[in-house]
Amino acid sequence: MDKLLFSNYKPESFCREFVEIKGNSMQLAMYMSLVLGFKPLMDDWIPVKKLAEFRKACHKYKIYMREDVVFDHRKKNEIKSNVLGKDCLTTTCAQGLPFKEGAGGFLHIFLSKDKNILKKGVWYPLVIKNRVIFQPRIDNLKYGYVLGYPDCCVKFFSKFNNWKKYSFLYEAYKNTRNKPSFLCNPFLKATSFSYIFHMPCSYSCKNTISLVNNLRKEIKKKEPYFVALTDSYLKSVFLVFYEDKSYCFDGDLKDDLLRYRTAYYTFPGKTKDIYGKNLKKADSLKLESRKLILYHRNKVNEIIDVPMNSTAPEFPFLIKFS
């Protein structure tokens, strides 16, 4: 494993335009999936100043686009404490402005090869004066199907996607009956190398495996090197704490002992990398319930008691994908 995992990846040809225009390769496999006809709808953020170029690329690949709102991250975005419904929001926060040609910031867009499906894109919760206005619940429940996610995963997500009550990824781990498949690995979706952007109902979900296996075969025909890299990264060992707090290892897991050469935080740029320095001082680890035992040259280097976290419960686990 190398630093390429966290750098922008440019395909040889297929969907290369999107990477060059956006300036990053986030959701690269999702663009490929959309173009190849596997994904009915997706959304993304693009620089407003790149809109004309992006429209040209969409035309080339016969993709329709619907503009939503402009997210302006240049201004300080904070939700005041007196806003009703604030506690039910996730961590993403930005000032949304009406779309206008030539504006600054990032434009939220919906993409599809079917004009009718574009109408089904879901808007974000809005803060109007001192109250959060949420989307109709039925729209949220149906949205997973519009995005092309497997039925079982949509239903599982609607049951366990409660950040205050559950650790969703841990619930999926408990629901995994067979060997975890790298085709069901969602932990690198913050990088360029992930075949899925949804949270599977298990890490051996048959419907996800079937969907991704077919997608992977078609991408391989056009970008074999991208598939080879993605496969290799997704087959790594992962230490998972929460949805935006996990580590990827260049190492081997055997009999509950993980011996590794390097540990990578899977969300570059995030501030929750609280164990990175500890992991760098060790070369192997064990996870016993909530105790993270770190070793260096076969000697215990440090024992960390992982806190539950009062705002969002954490249940750490190690997982190796095959």
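First things first, this report covers the structure right here in the doc.

Reading guide: rules and limits
Residues numbered from 1 in each chain as written. Predicted model: local features only at pLDDT ≥ 70, side-chain atom pairs only at ≥ 80, totals over all residues. Heavy atoms only, no water. Phe/Tyr/Trp six-rings, centres within 6.5 Å; stacked < 30°, edge-to-face > 60°. Helix = DSSP H or I, 4+ residues; strand = E, 2+ residues; numbered from the N terminus. Buried < 20%, exposed > 50% of the residue type's maximum accessible area, 1.4 Å probe, protein only. Lys NZ or Arg CZ within 6 Å of the ring centre and 35° of its normal. Salt bridge = Lys/Arg side-chain N within 4 Å of Asp/Glu carboxyl O. Lys, Arg positive; Asp, Glu negative; His and termini not counted. Polar contact = N/O pair within 3.5 Å; in protein donor to acceptor, adjacent residues only side chain to side chain. Contact = heavy atoms within 4.5 Å. Core = buried A, V, L, I, M, F, W, Y, C linked by side-chain atoms within 4.5 Å.

Here's the deal with the packing of aromatic side chains
Applying the stated criterion across every chain yields a total of 32 aromatic pairs. For the ring pair Phe18 and Phe54, a centre distance of 5.5 Å and an interplane angle of 55° mean the geometry is tilted. Within this pair, whereas Phe18 is found in helix α1 (residues 16-22), its partner Phe54 is found in helix α3 (residues 51-60), the two being separated by 36 residues in sequence. As far as burial versus exposure is concerned, Phe18 and Phe54 are alike and both buried. Here the aromatic cluster, defined as three or more aromatic residues joined through ring pairs, consists of Tyr170, Tyr173, Phe187, Tyr203, Phe238, Phe315, Phe317 and Phe321. One Lys or Arg, Lys189, reaches over the ring of Phe197 and ends 5.0 Å from the middle of that ring.

Considerations on the pattern of salt bridges
All told, the structure shown has 12 salt bridges when counted by the stated rule. A salt bridge links Lys60 to Glu17; the nearest nitrogen and oxygen atoms lie 2.3 Å apart. In this pair, Lys60 sits in helix α3 while Glu17 sits in helix α1, placing the two residues 43 residues apart along the sequence. Lys60 gets classed as exposed once you look at its relative accessible area, which sits at 52%. The shortest N-O distance in the salt bridge between Arg55 and Glu67 comes to 3.0 Å. Highlighted residues: Arg55 in helix α3 and Glu67 in strand β2 (residues 64-72), separated in sequence by 12 residues. Judged by its relative accessible area of 33%, Arg55 falls in the partly exposed class.

Some thoughts on the environment of Lys299
Among the secondary structure elements, Lys299 is positioned in strand β12 (residues 299-305). Sequence separation of Lys299 and Ala282 is 17 residues, and the distance between their C-alpha atoms is 9.5 Å.

Thoughts on the side chain of Lys39
Position of Lys39 among the secondary structure elements: in the loop between α2 (28-35) and β1 (42-47). For the buried Lys39, no salt bridge is present, and the opposite-charge side chain at shortest range is Asp43, 7.4 Å distant. A polar atom in the side chain of Lys39 sits 2.9 Å from the backbone oxygen of Leu147. If near-sequence neighbours (up to four positions away) are discounted, Lys39 is found in contact with Met30, Ser33, Leu34, Leu147 and Tyr149.

Overview of the nonpolar core
Phe18, Phe54, Leu111 and Phe187 are the most contacted members of the largest nonpolar core, which totals 61 residues. Broken down by element, the residue count for this core peaks at seven residues, all from α2. Once you skip the residues sitting within four places of it in the chain, Phe18 turns out to touch Asn24, Tyr31, Phe54, Ala57, Cys58, Tyr61 and Ile63. With 19 residues, the next largest nonpolar core counts Val237, Tyr247, Tyr260 and Ala282 among its residues.

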